[in-house]
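The residues making up each chain are set out below.
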Amino acid sequence: MTGRRTLTRMANRLLQRIFVYPLFCLFLGCGGNNTPAAQKTTDTARTSRTSAALQILVADWANHRVVRMDDMQGNNWTIFGYESANNPQFEFPISIGMDSAGRVYVAEQRRPRIVRFDNRRNAPAEELLLPGRAKEQVNKYVGSWIFVDQLGKIFVTYDGSHRIVRVDDMQGTNWIAFGSEGSSTGQFRYPAGVWVDANQRIYIADFDNFRIVRIDDMHGANWTTLGSYGSGTSEFVNPCGIWGDQQGRIYVADQGNDRIVRFDDMKGTNWTSIGSFGTSQRTGTLYAPSGICVDPSGRIYVSECSSNHRIVRMDDMTGANWTVLGTAGTGAKEFASPMGIFVR
């Protein structure tokens, strides 16, 4: 199935949903933080057991900015980018990451570059230009996803080139690329999220091939895939964000199925999912989840790039302590199609 057919199918599905929920999210907002008091009490107790230095970073796509906050109440809300004095400026940022030194890395949709900056001080940003040219907006869900591993190596899928690239630093040292367009071994079709485990194995959400790919290195050794088109076990519809926890379990934002899935290995062992289409704050309701991240305490964070315009946090795959933050807009605690999310 071609990428164009897939996008057409997605567009039809979204139009159907718009008729069911006519302009509700756009004008009234679907996020917010109206968590019941008892749930907030439990959440506060859990928060007190985690690091006070926790940061939540969001690539606020259509607002052309990166947002930083300390918690799911939006405390210390800080923006970088559009209409901000903070350096740098962005154009449709999609994905966000951070290295061990706390420096933030951003990949955009239209401009083939990586931007790195220190989000705790207004210092000049660094830029690594990638081979390619500026792209027209075709599909906001694909391309330009970034991850920085424990060694500081930078992995990025960008500009719809159906490949993954790795560099050692912001000078582009030891540039290496892998992949081409297709659905066979060594091929991708609009690869999206990327994550690297403690053994340096690389996991890629192969968006338009409806699968997850794992390779041992940037030469594609031990190519392994999981997934096919569908809504059942070991099936995906346009997997987007991907992450792993300290136990090595893999989490995927299964965008077209409006759900988050978790599995233990590339055989799909202990497949678990949560989510169904919805625009309310009810536990488990999601609409086109895009980014996903797991914090050091195991809590799961999800960004929804749809008209929900929000981020979600839950304690585990049961949806415990489901908490949402965000409505449509450009102000504090507001987003416009948030894409990538990173928490540390």
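A brief structural summary. (Residues numbered from 1 in each chain as written. Predicted model: local features only at pLDDT ≥ 70, side-chain atom pairs only at ≥ 80, totals over all residues. Heavy atoms only, no water.)

### Observations regarding the layout of surface pockets
There is about 820 Å³ of room inside the largest pocket. In terms of lining, the largest pocket is formed by 44 residues, of which the most central are Gln150, Trp195, Trp243, Gly244 and Gln246. Here the residues of the lining of the largest pocket sort into 19 nonpolar, 10 polar and 15 charged. (1 Å grid on protein atoms, 1.4 Å probe; cavity = no way out; pocket = protein on both sides within 12 Å on 5 of 7 lines; lining within 4 Å. Points joined across faces, edges and corners; volume = space filled by probe spheres on them. Nonpolar A, V, L, I, M, F, W, Y, C, P; charged D, E, K, R; others polar.)

### Some details on the sheet that holds strand β30 (residues 338-343)
Strand order in the open sheet formed by 4 strands is β3-β2-β1-β30, with antiparallel pairing between adjacent strands. Edge strands, defined here as strands with exactly one partner in the open sheet, are β3 (78-81) and β30. The mean angle between the axes of side-by-side strands here comes to 20 degrees, regardless of whether they run parallel or antiparallel. Where strand β2 (residues 65-69) meets β3, 4 bridges bridge the pair, whose relative direction is antiparallel. Looking at the pairing, Arg68 lines up with Thr78 of β3. (Pairing = 2+ DSSP bridges. Helix = DSSP H or I, 4+ residues; strand = E, 2+ residues; numbered from the N terminus. Axes fitted to C-alpha atoms, helices over the stretch in contact; angles between N-to-C directions.)

### Some remarks on the environment of Val167
One can find Val167 in strand β10 (residues 164-167). Its relative accessible area of 1% is what places Val167 among the buried residues. Along the chain, Val167 and Val148 lie 19 residues apart, while their C-alpha atoms are 9.8 Å from each other. Ignoring sequence-local partners within four residues, the contact set of Val167 consists of Leu128, Lys153, Ile154, Gly172, Thr173, Asn174 and Trp175. (Buried < 20%, exposed > 50% of the residue type's maximum accessible area, 1.4 Å probe, protein only. Contact = heavy atoms within 4.5 Å.)

### Section: the environment of Met314
Assignment of secondary structure puts Met314 in strand β26 (residues 310-314). Discounting residues that sit within four places of it in the chain, Met314 has contacts with Ile260, Ile274, Arg299, Ile300, Val302, Gly319, Ala320, Asn321 and Trp322.

### Considerations on empty space enclosed by the protein
The final tally for this structure, using the stated rule, is 3 cavities of 30 Å³ or more. Roughly 130 Å³ of internal volume is contained in the largest cavity. Along the wall of the largest cavity there are 14 residues; nearest its centre are Ser95, Trp145, Ile242, Trp243 and Ile292. Those elements that place two or more of their residues in the lining of the largest cavity are β4 (93-98), β8 (145-148), β14 (191-196), β18 (239-244), β24 (289-294) and β30.

### Things to note about the pattern of salt bridges
Within the structure shown, the criterion is met by 14 salt bridges. One salt bridge connects Asp254 with Arg259, and the closest N-O pair in it is separated by 2.7 Å. When its relative accessible area of 7% is taken as the criterion, Arg259 is described as buried. (Salt bridge = Lys/Arg side-chain N within 4 Å of Asp/Glu carboxyl O.)

### Quick notes on the state of the cysteines
In this structure the tally under the stated criterion is 0 disulfides. Considering cysteine sulfurs only, Cys240 is the nearest to Cys305, which forms no disulfide, with 6.4 Å between them. (Disulfide = S-S within 2.5 Å.)

### Overview of the side chain of Asp99
Structurally, Asp99 is set in the loop between β4 and β5 (103-108). Residue Asp99 is classed as buried on the basis of its relative accessible area, which comes to 3%. Reaching out from Asp99, the side chain makes a polar contact with the backbone nitrogen of Ala101 at a distance of 3.0 Å. Here Arg103 takes part through its side chain, which lies 2.8 Å from a polar atom of the side chain of Asp99. With residues near it in sequence (within four places) discarded, Asp99 still touches Tyr105, Arg116, Val148 and Arg344. (Polar contact = N/O pair within 3.5 Å; in protein donor to acceptor, adjacent residues only side chain to side chain.)

### Let's talk about the pairing of strand β19 (residues 250-254)
Regular strands place side chains that alternate from one sheet face to the opposite one. Of all the 5 residues making up β19, 5 are buried; the element is thus mostly covered by neighbouring parts of the structure. Side chains Ile250, Val252 and Asp254 of β19 all project onto a buried face; the interleaved residues Tyr251 and Ala253 project onto the opposite face, where all are buried too. The pairing of β18 with β19 spans 4 bridges and is classified as antiparallel. Within the sheet, the bridge partner assigned to Trp243 lies in β19 and is Tyr251. Linking β18 to β19, which pair antiparallel, is a turn of 5 residues; within it Gly248 sits at a positive phi near 85 degrees. Here β19 folds back onto strand β20 (residues 259-263) in antiparallel fashion, the turn holding 4 residues, of which Asp258 has a positive phi close to 50 degrees.

Function cannot be read off these values alone, since they describe shape.
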